[in-house]
Amino acid sequence: MNQYNNQPRSGRRQSGPQYRQDAGKHGFLSVLLFYVLPFILINGLIFFVVTEKPKGDITIGESSDYISTTMELKISSLLPLKSMEVTLDGNPVEITKTGSRIYTANLKNNGALEVKLTGFNKMRTALNEQVNVLDDTPPVIKDKMFKEGILSFRLEDSQSGVDYSSVTAYNEDKPEILPLSIDRSTGLIMFEIKKENLTISAKDKIGNEMHVTYDPKGQSVDDEELNGEENQLPDDETLEDTESATDSSKKNTD
């Protein structure tokens, strides 16, 4: 009997449940590492590149003079842009690149701002913002009262403010009629109305001007004209056509 028969052979192939379990784990990890994960990463990257839409944030600045303001656009998407279009109420707006992903524009009107972004993958995004920080409306008359030929009212302008030095009036005889009094602390203004219509004009501090005409009874002529147009009856020809159509309808019914 050979004395070496009972000693293990170093080159003998290992077998058994533990060895098969280790080999199975090693094979699964290899497939996961070299096949599954690369497949997921590559396809995820392709999906991202194909479907990613451009992203951006619009900021409308405050206006110190109520005449102009600034728009700042920050691009937050990772993919580069192919094109950019900025419009205000449908009119093109000139933009300037001020940073690696920052664009600015000078705006001189209120309105609907729209930014259309197109990525290099041809995906598109539209950003919308309302510009309303500029003063484009004249002062308005509030708290109007009329008593014994004296018209009193307040002027309000919520943005640039009322230019009280511009408050004046005129009629057919006088091109300039100054108010009886102006209280700038309360905005109260008084005018005397005699036998003719009186047109009052005033501006705000950036030049938006209003004109309102009052009759000798203190009623706004503009309101009367508007109400008259709304209540205006059709002319004779229209009335005749209406009557003919009504008679014809009655005959057909009979």
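Residues numbered from 1 in each chain as written. Predicted model: local features only at pLDDT ≥ 70, side-chain atom pairs only at ≥ 80, totals over all residues. Heavy atoms only, no water.

Draft legend 1. Quick peek at the sheet that holds strand 15 (residues 209–214). Pairing within the open sheet is antiparallel, and its three strands lie in the order 11-14-15. In this open sheet, the two edge strands, each paired with only one partner strand, are strand 11 (162–170) and strand 15. The sheet shows a mean angle of 20 degrees between the axes of neighbouring strands, taken without regard to direction. Looking at chain direction, strand 11 and strand 14 (residues 198–204) are connected through five bridges and run antiparallel. Within the sheet, the bridge partner assigned to Val162 lies in strand 14 and is Asp204. (Pairing = 2+ DSSP bridges. Helix = DSSP H or I, 4+ residues; strand = E, 2+ residues; numbered from the N terminus. Axes fitted to C-alpha atoms, helices over the stretch in contact; angles between N-to-C directions.)

Draft legend 2. Examining a nonpolar patch on the surface more closely. Taken together, the side chains of Leu33, Leu37 and Ile40 define a hydrophobic patch exposed on the protein surface, amounting to about 280 Å² of accessible area. When you line up the elements, Leu33 lands in helix 1 (residues 17–51). (Patch = residues over 30% accessible without salt bridge, like charges linked within 9 Å, V, L, I, M, F, W, Y side chains within 5 Å. Areas by Shrake-Rupley, 256 points an atom, 1.4 Å probe, with all protein chains shown as cover. Salt bridge = Lys/Arg side-chain N within 4 Å of Asp/Glu carboxyl O.)

Draft legend 3. View of the pattern of salt bridges. Counted under the stated rule, the structure contains four salt bridges. We note a salt bridge from Lys74 to Glu72, for which the minimum N-O separation is 4.0 Å. When its relative accessible area of 41% is taken as the criterion, Lys74 is described as partly exposed. Put simply, Arg154 and Glu156 hold a salt bridge, and the shortest N to O gap is 3.0 Å. Exposure remark for Arg154: the relative accessible area of 22% places this residue in the partly exposed category. What emerges from the salt-bridge pattern is a single network uniting Asp143, Arg154 and Glu156. (Buried < 20%, exposed > 50% of the residue type's maximum accessible area, 1.4 Å probe, protein only.)

Draft legend 4. Local environment of the side chain of Asp215. One can find Asp215 in the loop between strand 15 and helix 2 (221–230). Look at Asp215: it is buried, it has no salt bridge, and the nearest opposite charge is Lys217 at 6.7 Å. Polar side-chain contacts of Asp215 include one of 2.9 Å to the backbone nitrogen of Lys217. A polar contact is formed between the side chain of Asp215 and the backbone nitrogen of Gln219, at a distance of 2.9 Å. (Lys, Arg positive; Asp, Glu negative; His and termini not counted. Polar contact = N/O pair within 3.5 Å; in protein donor to acceptor, adjacent residues only side chain to side chain.)

Draft legend 5. A look at a positive patch on the surface. Taken together, the side chains of Lys82, Lys116, Lys122 and Arg124 present a region of like positive charge at the surface. Tracing the backbone through its elements, the reader meets Lys116 in strand 7 (residues 111–119). (Charge placed at Lys NZ, Arg CZ, Asp CG, Glu CD.)

Draft legend 6. Quick look at the packing of aromatic side chains. This structure, assessed with the given rule, holds one aromatic pair. Ring geometry for Phe153 against Phe191: centres 6.3 Å apart, planes inclined by 5 degrees, an arrangement best described as stacked. Placement of the pair is Phe153 in strand 10 (residues 150–156) and Phe191 in strand 13 (residues 188–192), with a sequence separation of 38 residues. Overall, the relative accessible area of 0% leaves Phe153 in the buried class. (Phe/Tyr/Trp six-rings, centres within 6.5 Å; stacked < 30°, edge-to-face > 60°.)

Structural measurements only, silent on function.
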